[in-house]
Amino acid sequence: MPEALLAVSVVWIGVLVAATVVVLVRTSSPFTRILTVDTIVLLVMAFLLVLAIGRDDGVFVDAALALGLLGFTTTLALVRVEREGEER
Amino acid sequence: MTEALASLLVVVALVVMTLGVAGLVRLPVLRLQLHAAAKIGAVGIVLLSLAATLAGSGVRALLAGAFVLLTAPVSSHVLAAADDEEGED
């Protein structure tokens, strides 16, 4: 993978994360906030995968897989908490 | 050859992710934002995992893509159902 593409991809994913954080700050619906957090997790997974391609090191793929698992369960748990209040 | 294909897949995945985030930013309601955000995972991450597999990271990369592909609909459904239930109050 050319170095220029790696650099541009990394910076561009940073821009996307910044845009998603803006949505997170500006929105008022709690479920939109949960969706935004899930999107940020997916974008960080993408960042790790791009690094795995660029650096040709398999450890980033393992990190991306772990983050995906955690992000999914976090989304489900956050929706559960939002629906049922803080008692559980 | 596979390196060039992996680079192309990365570019396409980034374009799709940009469109997904643009939808998340610009659409007004959660129901519509769910449509955009699901593409980031189901298309973007899957294409990136394909690119990682082509670039030599092995079949583990496909595992990450397959997991996100299978769980993205569950996340969207759970969010939509909870939002639906909240609106009934």
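In this report, the structure presented in the accompanying data block is examined. These numbers were taken from a predicted model, which means no experiment stands behind them.

## Some details on the overall build of chain A
Then comes step 1: Assigned secondary structure in chain A consists of 3 helices and 0 strands.
Then comes step 2: Ordered by position from N to C terminus, the α and β elements of chain A give α-α-α.
Then comes step 3: Over its C-alpha atoms chain A spans a radius of gyration of 15 Å, topping by over 25% the 12 Å that the globule rule assigns to 88 residues.
Then comes step 4: In terms of overall dimensions, chain A has C-alpha extents of about 50 × 25 × 10 Å along its principal axes.
Then comes step 5: In chain A, which comprises 88 residues, the proportion classed as buried is 42%.
Then comes step 6: Contacts in chain A between residues far apart in sequence, at least 24 positions, make up 52% of those at least 6 positions apart.
Then comes step 7: On chain A, roughly 4,400 Å² of surface is accessible, and the fraction owed to carbon and sulfur atoms is 66%.

## Comments concerning the overall build of chain B
Then comes step 1: Per the secondary structure count, chain B includes 3 helices and 0 strands.
Then comes step 2: Reading chain B from its N end, one meets helices and strands in the order α-α-α.
Then comes step 3: The C-alpha atoms of chain B give 15 Å as radius of gyration, which overshoots the globular expectation for 89 residues (12 Å, by more than 25%).
Then comes step 4: Put simply, of all contacts in chain B between residues at least 6 apart along the chain, 57% involve residues at least 24 apart.
Then comes step 5: Entry remark: accessible area of chain B is about 4,300 Å², with carbon and sulfur atoms responsible for 72%.
Then comes step 6: Distance between charge centres in chain B, computed from 4 positive and 7 negative side chains, equals 14 Å.

## Section: the packing of aromatic side chains
Then comes step 1: Counted according to the given criterion, the structure contains 1 aromatic pair over all chains.
Then comes step 2: Ring geometry for A:F72 and B:F67: centres 5.9 Å apart, planes at 85 degrees, overall edge-to-face. Taken as a pair, A:F72 in helix 3 (residues 59–84) and B:F67 in helix 3 (residues 60–87) lie in two separate chains rather than in one.
Then comes step 3: A relative accessible area of 21% means that B:F67 is categorised as partly exposed.

## Some details on the interface of chain B and chain A
Then comes step 1: Opposite the 39 residues of chain B that make contact, chain A presents 37 residues.
Then comes step 2: Summing both partners gives a buried area of about 3,300 Å² for chain B against chain A, and 78% of it is carried by carbon and sulfur.
Then comes step 3: Put simply, A:D62 and B:R60 hold a salt bridge, and the shortest N to O gap is 2.7 Å.
Then comes step 4: Across the contact surface, chain B and chain A share 3 residue pairs in polar contact (both at pLDDT 80 or more).
Then comes step 5: Looking at which element gives the most residues to the side of chain B that touches chain A, the answer is helix 3 of chain B, with 15 residues.

## Brief notes about the nonpolar core
Then comes step 1: If you look at the biggest cluster of nonpolar residues, it comprises 33 residues, and the most contacted ones within it are B:V10, B:M17, B:I45 and B:L48.
Then comes step 2: If you list the elements that add at least two residues to this core, you get helix 1 (3–26), helix 2 (30–55) and helix 3 of chain A together with helix 1 (2–26), helix 2 (30–57) and helix 3 of chain B.
Then comes step 3: When residues in this core are grouped by element, the largest group, 10 residues, is from helix 2 of chain A.
Then comes step 4: Setting aside chain neighbours within four positions, we find B:V10 in contact with A:M1, A:S9, A:V50, A:I53, B:L48 and B:A51.
Then comes step 5: Within the second largest apolar cluster, 11 residues are counted, among which are A:F31, B:L30, B:L34 and B:A80.

## Details of the pattern of salt bridges
Where charged atoms from two side chains of opposite charge come close, those side chains can pair.
All names here are of chain A.
Then comes step 1: Counted under the stated rule, the structure contains 4 salt bridges over all chains.
Then comes step 2: In this structure, R55 and E3 form a salt bridge, with 3.6 Å as the shortest nitrogen-oxygen distance. Of the two residues, R55 is situated in helix 2 and E3 in helix 1; the sequence distance between them amounts to 52 residues.
Then comes step 3: Between E84 and R80 there is a salt bridge, with its nearest N and O atoms 3.0 Å apart. Here R80 and E84 lie together in helix 3, a separation of 4 residues that amounts to about one turn.
Then comes step 4: A relative accessible area of 44% means that R80 is categorised as partly exposed.

Scoring rules and cut-offs
Residues numbered from 1 in each chain as written. Chains lettered and ligands numbered in written order. Predicted model: local features only at pLDDT ≥ 70, side-chain atom pairs only at ≥ 80, totals over all residues. Heavy atoms only, no water. Helix = DSSP H or I, 4+ residues; strand = E, 2+ residues; numbered from the N terminus. Rg over C-alpha atoms; globule rule 2.2 N^0.38 Å. Buried < 20%, exposed > 50% of the residue type's maximum accessible area, 1.4 Å probe, protein only. Contact = heavy atoms within 4.5 Å. Areas by Shrake-Rupley, 256 points an atom, 1.4 Å probe, with all protein chains shown as cover. Lys, Arg positive; Asp, Glu negative; His and termini not counted. Charge placed at Lys NZ, Arg CZ, Asp CG, Glu CD. Phe/Tyr/Trp six-rings, centres within 6.5 Å; stacked < 30°, edge-to-face > 60°. Buried area = accessible area lost by both parts, 1.4 Å probe. Salt bridge = Lys/Arg side-chain N within 4 Å of Asp/Glu carboxyl O. Polar contact = N/O pair within 3.5 Å; in protein donor to acceptor, adjacent residues only side chain to side chain. Core = buried A, V, L, I, M, F, W, Y, C linked by side-chain atoms within 4.5 Å.

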